[in-house]
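Below, each chain spelled out in residue letters.
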Amino acid sequence: MFVFGDRHQGSVIRMRKPITFARLPPIVRGNWHRLSCLFLLLLVATSGAAATPAEAIPESTDGISSAMPSLIDTNPRQVGDDAPIDGSSAESNNSSVLHEDPEDVESESRLDRLASYLSGDLNARIGDSSLQLSQAEYDAAKAAVGDDYSEALEKYVDVDGETDGDGASEEYGTVQETQREYVDTVSEFREAQRAYEDAAADGDDERARELARELSRLADDGESQSDRLLEGYDQISNATGSDLNESSSRIEAIQTDIDTDRREIVAREFVETRLVVGSYDREVSFRDPLVLSGTLETANGTSVDAETAQFAVGDQIVEAAVDADGEFEFTYRPTTVDADTDELEVAYRPAATSVYRGSNATVPVNITQVTAEVETTNHSGDAYGYADSLAVTATVTANGTPVANYPLTASIDGSQLSAATTNASGQSTLTGTVPARIPAGSVDLGVSTDRSDRAVRLDPSTTSLSIVSQPTDLDVSARLDGDDTVVVEGRLRTEDGEVVDAQPITIAVDGRTLETATTGASGAYRTTIDLPATVAEENATVSVAFDGSGTNLDSSAASTGIDPADAMEQAGIDSTDEDANGDLSADRFTLLGVVVGVVVGVGVVGVVTVFLLRRNGALASLFEQDEPTASADDTVTESADGTADRESDLEPASSVERASVVETASDALADGRPNDAVVIAYAGVQQALADRVGASADATHREFYELCVERGIDDPEALETLTDGYEKSAYSGLSVSDREAEALLETARGLLEANVQQ
């Protein structure tokens, strides 16, 4: 049973048997009184919506107005990392509601359910990634936590921010990053392992030892990453109530196999060593360095056969000569280690092709902090404006001794520009560009370090810079996008053509400020506004202004009239510029319920009402009390006198219904609603294929796709394309272009023709 419907008096309305378009006319004629009542109720509801101020309309998290039942699957079920998608689980709940009337549910409750849905989607992707990784499908494992995961995470973060904020936004982000890193590490380990086995088989001992060290390093990386992953899984489970045990078990098993293989290879290839440290002075500083001597020997006491050796000490790598008895001596100047460090780890690092295995020792120390000086030289001009490049060379010394590998930062008026590390001579060149947030006038260019608790601290150095103001050029275009809805967009540049990002643009109509947008990376801004009731679009003036106060940019303004709804982009603005923060698609969908109810004529409202109710199962539930239940062998055909004969409800949708679905989607596209068109087309395909593949009512669109592939539908690639388009149209908040929507409608038509009865 494929469940659609809304909550009504505590019950769930279900569509037990789909009503085809071919059967709709006789039902309507036979139940005209009920449809009339339903039609009147719709008019009352839309009248109320029209009277509601725009500010009173609840804002939906995915750019869809909560004032109308959503076409999007926001099923509140909690999904673990291995949730079934074919309805076979005993835990499947057939009473789950895919769509609920926003009038009956509080906004906070809707957001909680949406957060639960998105959390389940992310969990499923994590589970898929761990499963693919356990099967050595590395590309698929990484893709499962790739772009689609990022899009889902962005939605989850938005929803989590609108609720109590106690979700797992940060943990989901950390898990994504770490899991992708871990997939790469496992893939590299297995690839290196194959290369090692080939080298060992060919008798190439040096290459085999080199690869064995690489395997040991990768195993260490994997151990650290897997530990972080398991911790992240636990944090997500605790915050969301999810079950990621399957993913945890897979990661543990993968890492256990890697550790076992590493130990076997290392034992086979290398000779164990010991690092024996002699006496030394524990009182050390940068001025009074540590002088350490000792011996390198094998596990049986013989000297290590090497002329030189490298040692990792604290924050540095030092090299020392080794004599025939395995003795060595080196000097270490503490620089970036913490000043309160009381012991140092000394590690012998054999060469990649050496037969010896590394060893470690710990030496207690007492570090005295030293203060270094920095001298700076500015290589650029005397005056700077927005986006101008500047460079400064800094030299760090302590008592005349260069301080190498020391981290530095350059900042203007306290705002960091860049960071770099000194070379062996204690020098570093820091470069950057002047940001808009630095006000015009004389400012300080400073060079400093990020911490003062290291073995070497730094006295900051400052020099004066002159910042000058730059003129700006602001443009604007405005076009009608619906009844009283206007898309406003443009760009902010300097007079020299440099784009200006991250700046607020104030938008007003006839002198009344209505909105503030922010420029994106290309300097573009974009937003949708609602015209006040007292303003007529044909006479309205849209004004935009940039206030340069507190920046190094001059203020600027522009104004324009409002173009008709069919006018294309003016002033060279690309309507798909996604870096503008004003999201056209989101604002359009926010008022979609009102626009449909108020603008569309009475006849169109009736058609849309019948279609949407038929999709959601409410029409079937309304009429089924007076309709006898059909058997599996019944058919429905319309006779000459208008009566209806029955046909099997289990038969696939007819060509009449297929045409109606695509025609309805095409009408939405013709009306300038490409996102709606894609959603309608996808819904028609999903309903047509649901019975054939045995999809459960609470299957998500991704689970539905996977089930269709498993059941062997024709042209699964087309369904994947349509599903991707549905995700973008329904969830992303981005506008689908007319061309893209038209292509997706053709994809839907092809799927129906390939998989549904002619």
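Residues numbered from 1 in each chain as written. Predicted model: local features only at pLDDT ≥ 70, side-chain atom pairs only at ≥ 80, totals over all residues. Heavy atoms only, no water.

1. Comments concerning the overall build of the chain
The condition that has to hold: In DSSP terms, a helix is any run of H or I states spanning at least four residues, a strand is any run of E spanning at least two, and both are numbered starting from the N terminus. Burial here depends on accessible area, computed with a 1.4 Å probe over protein chains only, as a share of the maximum for the residue type. Under 20% is buried, over 50% is exposed, and the range in between is partly exposed. By definition in these notes, contact holds between two residues if any of their heavy atoms fall within 4.5 Å. The accessible surface values rely on the Shrake-Rupley method and a 1.4 Å probe; as for residues, cover is taken only from the protein chains in view.
Of the regular secondary structure elements, the chain holds 17 helices and 29 strands. Buried positions account for 48% of the 758 residues belonging to the chain. Partitioning the intrachain contacts of the chain with sequence separation of at least 6 by distance along the chain shows that 66% fall at a separation of at least 24. As displayed, the chain offers around 34,900 Å² of accessible surface, 45% of which is attributable to carbon and sulfur atoms.

2. Observations regarding the pattern of salt bridges
Oppositely charged side chains can pair when the atoms bearing their charge come close. To keep things clear, this is the line we draw: Salt bridge, as applied in this entry: a Lys or Arg side-chain nitrogen positioned within 4 Å of an Asp or Glu carboxyl oxygen.
All told, the structure shown has 25 salt bridges when counted by the stated rule. Here the residues in one salt-bridge network are D121, R125, R702, D724 and E727, joined through shared partners.

3. What to know about helix α6 (residues 169-202)
Put simply, the rule is: A helix is expected to span 1.5 Å for every residue after the first.
Taking 1.5 Å per residue as the helical rise, α6 with its 34 residues ought to reach 50 Å, and the 50 Å between its terminal C-alpha atoms agrees with that figure. Phi turns positive, to about 80 degrees, at G203, one or two residues after α6.

4. What about helix α15 (residues 701-710)?
By the criterion of burial, α15 is predominantly enclosed, with 7 of the 10 residues buried. For α15, the set of buried residues is H701, R702, E703, F704, Y705, L707 and C708. In the stretch just after α15, G712 is the one whose phi turns positive, near 80 degrees.

5. Focus on the side chain of R526
Rule in force here: Identification of polar contacts relies on pairs of N or O atoms within 3.5 Å, with a donor-acceptor requirement for protein atoms, meaning one able to donate a hydrogen and the other able to accept it, and with residues adjacent in sequence counted only if both atoms are side-chain atoms.
Mapped onto the elements of the fold, R526 is located in strand β27 (residues 524-530). Of the polar contacts made by the side chain of R526, one reaches the side chain of E489; its length is 3.0 Å.

6. Observations concerning unusual backbone geometry
Comment: phi is negative for the bulk of residues other than glycine, and the bulk of peptide bonds are trans. Despite not being glycine, N399 has its phi angle at roughly 55 degrees, a positive value. On the secondary structure map, N399 appears in the loop between β14 (389-398) and β15 (401-402). Of note in this structure, D413 is not a glycine but carries a positive phi near 55 degrees.

7. Some points on the packing of aromatic side chains
Defined as follows: Working definition: a ring pair exists when centres of Phe, Tyr or Trp rings (six-membered ring for Trp) sit within 6.5 Å. Plane angles under 30 degrees give stacked, over 60 give edge-to-face, the rest tilted. A ring has a charge above it when a Lys NZ or an Arg CZ is no more than 6 Å from the ring centre and no more than 35 degrees off the ring normal.
Taken as a whole and assessed by the stated rule, the structure comprises 6 aromatic pairs. Consider the rings of F311 and Y348, whose centres lie 6.1 Å apart with planes at 45 degrees: the pair is tilted. Here F311 is found in strand β6 (residues 308-313), whereas its partner Y348 is found in strand β9 (residues 343-349), with 37 residues between them in sequence. By relative accessible area, which is 0% here, F311 ends up buried. The cationic tip of R333 hangs over the ring face of F286; the distance from NZ or CZ to the ring centre is 5.5 Å.

8. So, the side chain of T494
Along the chain, T494 turns up in strand β24 (residues 485-494). Residue class for T494 comes out buried when judged on its relative accessible area of 5%. Not counting residues up to four positions away in its chain, the partners in contact with T494 are Y386, P471, T472, D473, V500 and L553.

9. Section: the sheet that holds strand β8 (residues 327-332)
Heads up, the condition is: In this scheme, strands are said to pair when DSSP sees at least two bridges between them. Only the contacting stretch of a helix is used when fitting its axis, a line to C-alpha atoms as for every element, and angles between N-to-C directions run 0 to 180 degrees.
Across the sheet, 3 strands lie side by side as β3-β5-β8; this open sheet has antiparallel pairing. Every interior strand has two partners, whereas the edge strands, β3 (273-277) and β8, have only one. Each strand axis lies, on average, 30 degrees off the axis of its neighbour in the sheet, ignoring direction. In the sheet, β3 pairs with strand β5 (residues 290-298) via 5 bridges, with the strands oriented antiparallel. Bridged to L275 within β5 is L296.

10. Some thoughts on a negative patch on the surface
Let me state the cut-off plainly: Exposure above 30% relative accessible area and the absence of a salt bridge qualify a residue for a patch, where like charges join within 9 Å and nonpolar side chains (Val, Leu, Ile, Met, Phe, Trp, Tyr) within 5 Å. Positive charges are assigned to Lys and Arg, negative charges to Asp and Glu, while His and the chain termini are left out of the count. Think of each charge as sitting on NZ of Lys, CZ of Arg, CG of Asp or CD of Glu.
Taken together, D147, D148, E151, E154, D158, E162, D714, D715, E717 and E720 make up a surface patch of like negative charges. A total of 6 residues in the negative patch trace back to one element, the largest contributor, which is helix α5 (residues 147-162).

11. Brief notes about the sheet that holds β6
As summarised here, the arrangement of the 4 strands in space is β7-β6-β9-β10, forming an open sheet in which the pairing is antiparallel. Single-partner strands in this sheet number two, and they are β7 (316-321) and β10 (359-364). Sheet twist, expressed as the mean angle between neighbouring strand axes with direction ignored, is 30 degrees. Of the pairings in the sheet, the one linking β6 to β9 comprises 4 bridges and is antiparallel in character.

12. A look at the nonpolar core
Let me state the cut-off plainly: For this analysis, a nonpolar core means a set of buried residues of the types Ala, Val, Leu, Ile, Met, Phe, Trp, Tyr and Cys, connected via side-chain atoms within 4.5 Å.
L133, Y172, Y182, Y233, V685 and F704 are the most contacted members of the largest nonpolar core, which totals 78 residues. The dominant element in this core, judged by the number of residues it contributes, is helix α14 (residues 674-693), at 11 residues. Not counting residues within four places of it along the chain, the set of residues in contact with Y172 comprises S119, L122, N123, I126, Y149, L153, Y156, I236, T240 and S242.

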